[in-house]
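Commentary on secondary and tertiary structure
So the chains spell out like this:
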Amino acid sequence: LFARTQKRISMLQTKHMATLHGGYEGIEREKAIRLIKENDPYVTCWTYVADNNLPILQDAGVPAGKITKIGNAMVRPDFIQKVDMSVYGIPAHAYVFTVVTRAVSKKCWKECIETIQEARKITGKEIHLVLCGTGPLYDEIKKQPIDSYIHLVGEINNPCDYYAASYCGLLLSVRECEPLGLIEMYYAGKPVIATDTGEIAQMISGDGKDAGILAPLTENGMVSVKNSAEAVSRMVNDPKLYAACAEA
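Read on for a plain summary of the structure. (Residues numbered from 1 in each chain as written. Predicted model: local features only at pLDDT ≥ 70, side-chain atom pairs only at ≥ 80, totals over all residues. Heavy atoms only, no water.)

Brief notes about unusual backbone geometry
A positive phi angle, close to 60°, is found at cysteine 108, a residue other than glycine. The phi torsion at aspartate 207 lies on the positive side, around 55°, for a residue other than glycine. Tracing the backbone shows aspartate 207 in the loop between β9 (205–206) and β10 (209–210). Among the residues examined, aspartate 207 registers a relative accessible area of 79% and is labelled exposed. (Helix = DSSP H or I, 4+ residues; strand = E, 2+ residues; numbered from the N terminus. Buried < 20%, exposed > 50% of the residue type's maximum accessible area, 1.4 Å probe, protein only.)

Points about the pattern of salt bridges
A pair can form between side chains of opposite charge whenever their charged atoms are brought close. Here the structure, examined in full by the defined rule, presents eight salt bridges. With its nearest N and O atoms 3.4 Å apart, the salt bridge here joins glutamate 38 to arginine 34. Of the two residues, glutamate 38 and arginine 34 both sit in helix α2 (residues 29–39), four residues apart, roughly one turn of that helix. Linked by salt bridges that have partners in common, Asp51, Lys69 and Glu199 make up one network. (Salt bridge = Lys/Arg side-chain N within 4 Å of Asp/Glu carboxyl O.)

Some thoughts on the nonpolar core
Phe97, Leu129, Leu170, Ile193 and Val232 are the most contacted members of the largest nonpolar core, which has 31 residues in total. Contributing elements (two or more residues each) for this core: β4 (95–100), α4 (109–123), β5 (127–132), α5 (136–142), β7 (168–171), α9 (225–237) and α10 (239–247). It is α4 that contributes the most residues to this core, five residues altogether. Contacts of valine 232, omitting those with residues within four sequence positions, involve Phe97, Thr115, Ile116, Ala119, Ile127, Leu170 and Ile193. (Core = buried A, V, L, I, M, F, W, Y, C linked by side-chain atoms within 4.5 Å. Contact = heavy atoms within 4.5 Å.)

Describing the pairing of strand β2 (residues 45–48)
Residues Cys45 and Thr47 of β2 are buried on one face, and the alternating residues Trp46 and Tyr48, pointing to the opposite face, are buried as well. Note on the crossover from strand β1 (residues 17–19) through α2 to β2: the handedness is right-handed. Bridge count between β2 and strand β3 (residues 67–69): three bridges; the pairing is parallel. What sits directly across from tryptophan 46, in β3, is isoleucine 67. For the handedness criterion, the β-α-β arrangement of β2, helix α3 (residues 54–59) and β3 is classed as right-handed. (Right-handed = clockwise from strand over helix to strand, strands pointing away. Pairing = 2+ DSSP bridges.)

Shown next, in the form of structure tokens:
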């Protein structure tokens, strides 16, 4: 809108900062390059969130001096109240791993379920998975019989409260930039198991400490249930590791 107006009324001296948040690489490539090129003459500054957003701007010919990286941030909730997980039939001694995302294919809910199934076999422990969010995968999974330790919660507006009531956050995704969900887990004081994509590795590590475990993707960029289940098992079986991650 700003670019079209600036093009139509050239006398306007509008400062225009454009961003697609973390979604540049989510648009079909040729369309993205065309749109960026069309808008660039009327954009003062382009911003991006994660390094995997940068190539499409570069390929569209945006000058480096017009591009600025601005990381994600969000306001810490004034009050975090743990959700009562017993209302979902989860026993107090269970290891609860919580996912709060849109229920779309790239968020890999099915792989999350398979990961917890495998981790329960490896550890023999009472591990539960809480899936919060709505979308096509929510609708699909809800129609099928699921294990009693898999809990479909649906839409929520208080993710920190769910993370606070959990043992650990879980974020298995084939493509992320700088996920707000990770920040919410930290606000709730919980570590994370996440796939190594986007800025997640940098978000997990700092000052020589790790606030979670990275689960490498496969060679073709897919979620590895084996790697993810091993990470979940380590977090459950090693209290010292868990404590160090939570402290970080």
